[in-house]
Amino acid sequence: MMRIITGSAKGIPLATLPGEATRPTAERTKEAVFSMIGFDIEGREVLDLFSGSGQLALEALSRGAGRAVLVDRSREAIAIIRANAKKTRLEGGCEIICSDHAGFISRSKGRKFDIVFLDPPYASELCLSSLCGLLDADMLKPSSIIVCETGEEDLFKGNRTIESRFEVIKKAKYGRAYITILTPAKEEYYE
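What counts, and where the lines are drawn
Residues numbered from 1 in each chain as written. Predicted model: local features only at pLDDT ≥ 70, side-chain atom pairs only at ≥ 80, totals over all residues. Heavy atoms only, no water. Helix = DSSP H or I, 4+ residues; strand = E, 2+ residues; numbered from the N terminus. Contact = heavy atoms within 4.5 Å. Core = buried A, V, L, I, M, F, W, Y, C linked by side-chain atoms within 4.5 Å. Buried < 20%, exposed > 50% of the residue type's maximum accessible area, 1.4 Å probe, protein only. Pairing = 2+ DSSP bridges.

Q: Account for the environment of Lys-10, with residues named and values stated.
A: For Lys-10, the location among the structural elements is in the loop between strand 1 (2-3) and strand 2 (13-14). Sequence separation of Lys-10 and Leu-128 is 118 residues, and the distance between their C-alpha atoms is 33 Å. Leave out the neighbours within four places in its chain, and Lys-10 touches Ile-4, Ile-5 and Ser-62.

Q: Tell me about the nonpolar core, residues and numbers included.
A: Counting 33 residues, the largest nonpolar core has Phe-34, Ile-37, Leu-58 and Phe-117 as the members making the most contacts within it. Listed by contribution, the elements that provide at least two residues to this core are helix 1 (27-37), helix 2 (55-62), strand 4 (67-72), helix 3 (75-87), strand 5 (94-98), strand 6 (113-118), strand 8 (166-174) and strand 9 (177-184). Residues in contact with Phe-117, not counting those within four places in the same chain, are Val-33, Phe-34, Ile-37, Val-46, Leu-47, Asp-48, Leu-49, Phe-50, Leu-56, Ala-57, Ala-60 and Val-147. Leu-131, Met-139, Cys-148 and Phe-166 belong to the second-largest nonpolar core, a separate cluster that totals 27 residues.

Q: Can you explain the pairing of strand 9? Please cite residues and give values.
A: Along a regular strand, successive side chains alternate from one face of the sheet to the other. Counting buried residues in strand 9 gives eight out of eight residues, a clear majority hidden from the surface. On strand 9, burial covers both faces: Ala-177, Ile-179, Ile-181 and Thr-183 on one face and Tyr-178, Thr-180, Leu-182 and Pro-184 on the other are all buried. Pairing between strand 7 (residues 140-150) and strand 9: five bridges, direction antiparallel. What sits directly across from Cys-148, in strand 9, is Thr-180. Taken together, the eight bridges between strand 8 and strand 9 define a ladder with antiparallel strand orientation. The residue bridging Phe-166 from the neighbouring strand is Pro-184, located in strand 9.

Honestly, that's just the spatial picture; any functional story needs more than this.
Structure, rendered in structure tokens:
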């Protein structure tokens, strides 16, 4: 059972989609992610680009984030996200959007986020395309934190050009999940 770990909605259980369509972040992994990014969440703008059940963005809101945009292309996932937002009483801080990642990014150029969660299907290349898309669409601040959950250790899959655009802050492995926390490389803002 998934639940909110701490904050205003602490202990509230969350619904997930049945079956294998989505792979919710394990509670232990979620706890580790939030301890890795620290407690500097208060008032921050959050983007959860492959939201699934919405648990990462809702956890951030429960911990004091100012606003969260939850994006998923699945209508079923969007229904679960809405139900979870209502159940946690955090819907006032949510903007829930049914869209694929590329469509959302292309419509949101220049909209800045402090914290971004990227947890696409492990077999996809969507983490890399999302990272490039967010930078190219000017959606990251120099101080933005991007949390990537992937099924393999090398998030960049050997692509040193993309890797050079980011600075890796922390890396860890939890079960099958590899967590990589990034920030934009300083050169991105001083070219």
